[in-house]
Amino acid sequence: MSGLITSHYKMLFVMSRFGIPLGFGDKTIEEVCSENDIDVATFLVIVEILLEAANYRHIIDNQDISVQEVVSYLKSSHDYFLNYRLPNIRENLYNIVNQDKDEISNELAKAIIYYFDEYVAEVKKHMEYENMMVFPYIESLIDNRKEESYSIDVFARQHNHVEERLTEFKNIIIKYYPAKSTNEIHSVLFDIFVCEEDLFSHISVEDKLLVPIVQKLENKVKVK
Ligand SMILES: [Fe+2]
Ligand SMILES: [Fe+2]
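It should be emphasised that the depicted structure is a prediction, and the values quoted were computed from it without experimental measurement. (Residues numbered from 1 in each chain as written. Chains lettered and ligands numbered in written order. Predicted model: local features only at pLDDT ≥ 70, side-chain atom pairs only at ≥ 80, totals over all residues. Heavy atoms only, no water.)

**A few points about the coordination of the iron ion (ligand 1)**
- At 1.9 to 2.2 Å from the iron ion (ligand 1) lie its protein donor atoms, namely His78 (NE2), Glu130 (OE), His202 (NE2) and Glu206 (OE).
- For the iron ion (ligand 1), the single-chain donor residues occur in sequence as H-x51-E-x71-H-x3-E.
- The metal-metal distance between the iron ion (ligand 1) and the iron ion (ligand 2) is 3.3 Å, with glutamate 130 serving as a donor to both. Linking histidine 78 in helix H6 (residues 67-99) with histidine 202 in helix H10 (residues 182-220), this pair joins segments that are 124 residues apart in sequence.
- The class of histidine 202 is buried, set by a relative accessible area of 4%. (Donors = N, O, S within 2.8 Å, 3.2 Å for Na, K, Ca; no water. Helix = DSSP H or I, 4+ residues; strand = E, 2+ residues; numbered from the N terminus. Buried < 20%, exposed > 50% of the residue type's maximum accessible area, 1.4 Å probe, protein only.)

So, in structure tokens, the structure goes:
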């Protein structure tokens, strides 16, 4: 497990979303997963998707993935983005804009915060739809109940990529931010780039993993 994290530091995100603490010494991935009651195939398929390895399809086709654990993983990712990562970036951005208020125009300062808030509102709407509509639907399937009015294909068809909107926002900063406090603004931009990539990976897990495993589950559960 430690080899996985040191070669791919972004796997730290996966660990925290599965609730796996650090301090696992030389234990293997299988040992760490079993100690934390995590299905190893589910853990590995998410790692494969995040590493953009083609092998994830083979795992989905040949192993039983825990739908409940994938849903828990996605819920905890939503919580991370909405309640930790995005508010943290906003706070840093707000402080920098305030600190540079003598060097940047009031309009630019307002536009930066406005575009960021608009972006966050869009991410929130996207994730709340999944929390309130998609995950409860999947949980009822896990309980062997199928609702006729909804299916995972409806979700798959309209699932949009929220991170695209962030490009607009980054361009405003990159092209028009004139202040001299470059270390601070670069650091917040760096956080935004990492968050954008992380959101892209999150959405890939939904498209590449959640949709096919829920389709399989739908085929097993009859409409009542
Ligand atoms: Fe999501
Ligand atoms: Fe999504």
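Picking up where we left off.
**Some remarks on the nonpolar core**
- Residues Met1, Val14, Phe43, Ile46, Ile138, Leu209 and Leu210 are the most contacted members of the largest nonpolar core, which totals 45 residues.
- Here isoleucine 46 is in contact with Val14, Phe18, Tyr73, Val205 and Leu209, once residues within four sequence places are set aside.
- Counting 33 residues, the second-largest nonpolar core is a separate cluster that includes Leu86, Val162, Ile192 and Val194. (Core = buried A, V, L, I, M, F, W, Y, C linked by side-chain atoms within 4.5 Å. Contact = heavy atoms within 4.5 Å.)

**A closer look at the coordination of the iron ion (ligand 2)**
- In this structure, His126 (NE2), Glu130 (OE), His159 (NE2) and Glu206 (OE) serve as the protein donors to the iron ion (ligand 2), at separations of 2.0 to 2.1 Å.
- Seen from the iron ion (ligand 2), its four donor atoms lie at angles of 87 to 165 degrees, and the figure they make is irregular.
- The motif formed by the donor residues of the iron ion (ligand 2), counted along the single chain, is H-x3-E-x28-H-x46-E. (Tetrahedral: all angles 85-135°; square planar, octahedral: opposite > 155°, others 65-115°.)

**Considering the packing of aromatic side chains**
- Considering all chains together, one arrives at nine aromatic pairs under this definition.
- A centroid spacing of 5.8 Å and a plane angle of 55 degrees characterise the contact between phenylalanine 13 and tyrosine 80, whose relative ring orientation is tilted. Taken as a pair, phenylalanine 13 in helix H2 (residues 11-17) and tyrosine 80 in helix H6 lie far apart in primary sequence, 67 residues in all.
- By relative accessible area, tyrosine 80 is classed as buried at 16%.
- Arranged with centres 6.4 Å apart and planes meeting at 50 degrees, the rings of phenylalanine 116 and tyrosine 119 form a pair that is tilted. Of this pair, phenylalanine 116 and tyrosine 119 both sit in helix H7 (residues 106-142), three residues apart, which is roughly one turn of that helix. With respect to class, phenylalanine 116 is no different from tyrosine 119; both count as buried. (Phe/Tyr/Trp six-rings, centres within 6.5 Å; stacked < 30°, edge-to-face > 60°.)

**Some details on a nonpolar patch on the surface**
- Together, Tyr9, Leu12 and Leu22 line one region of the surface with nonpolar side chains, adding up to about 340 Å² of accessible area.
- Looking at the element boundaries, leucine 12 is found in helix H2. (Patch = residues over 30% accessible without salt bridge, like charges linked within 9 Å, V, L, I, M, F, W, Y side chains within 5 Å. Areas by Shrake-Rupley, 256 points an atom, 1.4 Å probe, with all protein chains shown as cover. Salt bridge = Lys/Arg side-chain N within 4 Å of Asp/Glu carboxyl O.)

**Examining helix H9 (residues 165-176)**
- With twelve residues, H9 ought to run about 16 Å at 1.5 Å a step, and its terminal C-alpha atoms sit 17 Å apart, in line with that.
- Those residues of H9 that fall on the buried side of the exposure criterion are Leu166, Phe169, Lys170, Ile172 and Ile173. Within H9, the buried residues cover an arc of 150 degrees as seen down the axis, which keeps them to one side. Opposite its buried face, H9 presents the exposed residues Lys175 and Tyr176, each directed more than 90 degrees away.
- Tucked inside the fold, the buried residues of H9 contact H6, H7 and H10. (Expected span 1.5 Å × (residues − 1). Arc of directions from axis to C-beta.)

Bear in mind that shape data such as this cannot, by itself, settle questions of function.
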